[in-house]
Amino acid sequence: MSPAIVIIAAAAVSLFRIVPLACDGDRLVVAGAGVLRLADGVSCAGIVPGRAIAVALDDAGRATPQRLSSDALPTAKIPRTAYVLAPAVQRDADETTLVTSTIDVLVPARTPPSDDIYLSTERTSWSPAEVRMDRVDARHFRLALRLHRGARVAFRVTRGSYGTTERDAARTLPPAHIAVGEPDAHITVVIPAWADID
Amino acid sequence: MRAAPACVVFAACAVLLPGAASARASASLDGGTVVFFSDTLALIARDGATLTLADGTRARADAAYIDLKTDRAVLAGHARVVRGSEAVSADAIALELDGDRVDLLDASTGVSRTTRRLGAATAAEFDAERFSFPDVDDRSAFIRSRHATITPHADVRFKPAAFPTSIGGLPVPSYLYTYATGAGFGATSLAGATFDQPYGLFGTQTSLTALHARWEDGPGPAVALQQQVVSGDDAYAAVSLDQPLRGYSVHGFNAYRRLGTRYSAEADASGTIYGTVMHGALTAAFGAAGGRMDYTRTTAGASSYTASLRTPDEPLPGGLTWRLTGSTGFDAQRGGLLFELPDAHNYSTVWRKGLDLFVATPVVHVPFGATLATTVDAARTWYAFPHAFDTLSATATASRAFSKKVTLFAGYQSTWSADIYPGTQTLFYPTPITPLLLPDGTPYYGYAAFTGARTFRSQNVDLQVTPDPNTAYRLSVVHTSDFPQFDGFGRPVWEVRGDVRFRPFPNIGLDVGRAYDFAWGGTRWQPRWSFAITP
């Protein structure tokens, strides 16, 4: 079997996870993508806008709704030729899963060695002791956050109270750092000073 | 808090408050179900969605998604937007909460574009990004509601609000979620607490009024009210009233302003039935070096002032760094500072100057696969009165990772200090005539040897296990060996502490700590709890 036939055969049985935006007649609008044509005999019944479903594409690129399964491919994998209305700019993000975003924090040598290091985020109205970080060594702390793909979480670093919030090199309040929800995302934050330790 | 400081506090807030009052909600979202995801700031309405904008525009659809990061909305399925007598319909519509652009997606004809006036639409490029809709599991939502009112770049109010978990939800009639990122929203004028859960009452892009449910060391349960006024990352003011259920109330004030790229100014105050403490500070940066001025005053007549200059962290061979800090200032007390002297009233203000040398090693690899970092700090303060105060501190922290999930830490900290009064040492540190009696009645004979020199030494061993990103266990044992220290006087000799951070439900994490002090002060063991809820 030639490679081209293998690809076509694989596509014929592949499931794709989509979020339908609308379904009208034989047209299915896929969020962040384009418009698919439904297979013959398939109706819009059971398709709820905004609720994820799986679709199988036949060799002509026509879609048949299926039960969601864990092996469904992301929307971005749908062949562009399957769309009867294809976007000029296609979205390439798969927001179906949680991803791990790692934050490394390097603290100054003057940090009291027995102090814990915390993240403070907008999620708790900036509670200064929101999430305790794990210690890596004397001056290195780490936290792995599980975030939805595409997430952006603003955070600051503290030693557990507002009076011990991080300061920048000029000893002024720095803007919030941003942790992003992308696979294997990683941010390193170097703390020059603390509010209570110059 | 006395009248004068209180007037200063409220005048400062009044200057900033007009800006805070100008922001208002610009959109509301209703649905059979409205779910909110705090990490992506995604707001989704299902089972029939209605979006109402401040200019009177109303939109309906089967479902709707609002991205609070970009203030864009996507209406999905049988979407219709109405403004006055004008209306447009499409299979999906994308619009901006504060912008003019409206994109219409028809499954048969493609994309067309109009404005918020909803005039005739013209054919447009199909940008899939504008018609995105998140693929999320509603069970992991942070908040579930039926109505949300949005103030862009500031907050969302949910009515009602439930916090779904795998075992049900905890509903409240109304909940204000603030996602403004200005540094001042993290500021507080409340004292630290074992547990502090804010509950937003009113909010704008530049202000937040919040009720705090607290558990404080000593008084126990407390309720506090705090008002924050914020100007981006450049300035803020916070005023609070903290009222424990048992005990006296505490008033607090805290303010900050950046003065250009080099300078910043801070002020804070705290008042109780015993009086008020006020503090102001000015910080300056000169390249990597810097300076600071602090002034503190109490209503009991005490005050102090310190001006300090520090060098940058300068390199030494082997990766070591050093830094020198010089300071000068005074301590003052109405009626006399050195009350041990018969002519104490002649010493109501005593000036001082000090030097502090700090040396740190980098984190270095040592045998057995471990790392080690150490610091040494030596400081002396000279006073205008024959008096000096010396401190010498050293720390060492070692770590050994046995795997990616298991790490062992060991630490040693030591501080020696001496309060020296040449020729008058016995006047300031007299030998007790009778032995010091401790709380349980035990005499502490060894205290007679204390003549102003103290020693604090502690050793700790911590075992940290992190089986997955959401879970961490830590067991710590701390031993102290100080002077003076004896049977309830000073720090406990042994402490064992356990901490667990875990996520029992998809959208709620817990951090629980438990500590025991052993055989100290007549009690066999003294347990302490710490507790925190994380999203």
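This one's a predicted model, so the numbers in the text were calculated from it and none came from an experiment. (Residues numbered from 1 in each chain as written. Chains lettered and ligands numbered in written order. Predicted model: local features only at pLDDT ≥ 70, side-chain atom pairs only at ≥ 80, totals over all residues.)

Quick word on the overall build of chain B
In step 1: Scanning chain B from terminus to terminus reveals two helices and 35 strands.
In step 2: For the C-alpha atoms alone, the extent of chain B along its principal axes is close to 95 × 55 × 55 Å.
In step 3: Looking at the 535 residues of chain B, the share that counts as buried comes to 31%.
In step 4: Expressed as a percentage of contacts within chain B between residues at least 6 apart in sequence, the contacts between residues at least 24 apart total 43%. (Helix = DSSP H or I, 4+ residues; strand = E, 2+ residues; numbered from the N terminus. Buried ≥ 20, exposed ≤ 12 C-beta atoms within 10 Å, placed from the backbone. Contact = placed C-beta atoms within 7 Å.)

With respect to the nonpolar core
In step 1: Ala64(B), Leu75(B), Ala76(B), Ala92(B) and Ile93(B) are the most contacted members of the largest nonpolar core, which totals 97 residues.
In step 2: If you tally residues by element for this core, the top one is strand S2 (residues 42-53) of chain B, at seven residues.
In step 3: No fewer than three residues from each of domain 1 (3-85) and domain 2 (98-194) of chain A sit in this core.
In step 4: In contact with Ile93(B), not counting residues within four places along its chain, are Ala59(B), Leu75(B), Ala79(B), Val81(B), Val102(B), Asp103(B) and Leu104(B). (Core = buried A, V, L, I, M, F, W, Y, C linked by C-beta atoms within 7 Å. Domains from an automatic or database assignment.)

What about the domain arrangement of chain A?
In step 1: Domain parsing of chain A yields domain 1 (3-85) and domain 2 (98-194).
In step 2: Computed from C-alpha atoms alone, the centre-to-centre distance between domain 1 of chain A and domain 2 of chain A is 41 Å.

A look at the sheet that holds strand S6 (residues 63-66) of chain A
All names here are of chain A.
In step 1: With antiparallel pairing, three strands are arranged side by side in an open sheet as S1-S5-S6. With partners counted over all chains shown, the strands left at the sheet margins are strand S1 (15-18) and S6, one partner each. Neighbour-to-neighbour, the strand axes of the sheet open up by a mean angle of 40°, direction not taken into account.
In step 2: Note: strand S5 (residues 53-57) against S6, four bridges, orientation antiparallel. Paired with Ala 54 across the strands is Gln 66, a residue of S6. (Pairing = 2+ DSSP bridges. Axes fitted to C-alpha atoms, helices over the stretch in contact; angles between N-to-C directions.)

Overview of the environment of Tyr421(B)
All names here are of chain B.
In step 1: Residue placement: Tyr 421 occurs in the loop between strand S28 (406-420) and helix H2 (425-428).
In step 2: Along the sequence, Tyr 421 and Leu 259 sit 162 residues apart, while their C-alpha atoms lie 41 Å from each other.
In step 3: Ignoring anything within four residues of it in the chain, the contact list for Tyr 421 reads Pro 386, His 387, Leu 427 and Phe 428.

Comments concerning the interface of chain A and chain B
In step 1: Each partner contributes residues to the interface: chain A has 67 residues there, and chain B has 78 residues.
In step 2: Among the secondary structure elements, those contributing two or more residues to the side of chain A that touches chain B are strand S2 (20-24), strand S3 (27-30), strand S10 (131-132), strand S11 (134-137), strand S12 (140-148) and strand S13 (152-158) of chain A.

Focus: the confidence of the model for chain A
Low pLDDT marks regions whose predicted coordinates should not be analysed in detail.
In step 1: The predicted model of chain A averages 86 in pLDDT, with 89% of residues at 70 or higher.
In step 2: Here residues 1-12 of chain A is a poorly scored stretch, pLDDT under 50, and it has six contacts once near neighbours within four places are set aside; other chains count. (pLDDT = per-residue confidence, 0-100.)

Topic: the pairing of strand S12 (residues 175-178) of chain B
All names here are of chain B.
In step 1: Residues Tyr 175 and Tyr 177 point to one face of S12 and Leu 176 and Thr 178 to the other, with burial holding for every one of them.
In step 2: Across four bridges, the pairing between strand S11 (residues 155-158) and S12 is antiparallel. If you follow Arg 157 over to S12, its bridge partner there is Leu 176.

A short note on the environment of Gly335(B)
In step 1: For Gly335(B), the location among the structural elements is in the loop between strand S23 (321-333) and strand S24 (349-360).
In step 2: In this structure Gly335(B) comes out as exposed when scored by C-beta crowding, with 9 C-beta atoms within 10 Å.

Description of the sheet that holds S3(A)
All names here are of chain A.
In step 1: Taking strand neighbours across the sheet as the criterion, the four strands line up as S2-S3-S4-S7 in an open arrangement whose pairing is antiparallel. Edge positions in the sheet fall to S2 and strand S7 (83-85), since each of these pairs with one other strand and no more. Ignoring strand direction, the axes of neighbouring strands in this sheet form an average angle of 35°.
In step 2: By the bridge criterion, four bridges tie S2 to S3 in an arrangement that is antiparallel. Residue pairing across strands places Pro 20 opposite Val 30, the latter belonging to S3.

Regarding the pairing of S2(B)
All names here are of chain B.
In step 1: Here 10 bridges tie strand S1 (residues 27-37) to S2, and the two strands are oriented antiparallel to one another. Bridging across to S2, Phe 36 finds its partner in Leu 43.
In step 2: Counting the residues that bridge the hairpin from S1 to S2 gives four residues, and of these Leu 41 lies at a positive phi of roughly 50°.
In step 3: Where S2 and strand S4 (residues 63-67) come together, four bridges link them in antiparallel fashion. Pairing of Ala 45 across the sheet is with Ala 64, part of S4.

Remarks on unusual backbone geometry
Residue and element names in this part refer to chain B.
In step 1: Geometrically, the link from Lys 159 to Pro 160 is a cis peptide bond, its omega value of -15° lying close to zero.
In step 2: Inspection of the secondary structure puts Pro 160 in the loop between S11 and S12.
In step 3: Here Phe 483 and Pro 484 are connected by a cis peptide whose omega angle stands at -5°.
In step 4: Along the chain, Pro 484 turns up in the loop between strand S32 (471-480) and strand S33 (494-505).
In step 5: With a phi angle near 60°, Asp 47 is a residue other than glycine that sits in the positive phi range.
In step 6: By secondary structure assignment, the location of Asp 47 is in strand S2.
In step 7: Judged by C-beta crowding, with 13 C-beta atoms within 10 Å, Asp 47 ranks as partly exposed.
In step 8: With a phi angle near 60°, Asp 71 is a residue other than glycine that sits in the positive phi range.
In step 9: Topologically, Asp 71 is positioned in the loop between S4 and strand S5 (72-83).
In step 10: We classify Asp 71 as partly exposed; it has 17 C-beta atoms within 10 Å.

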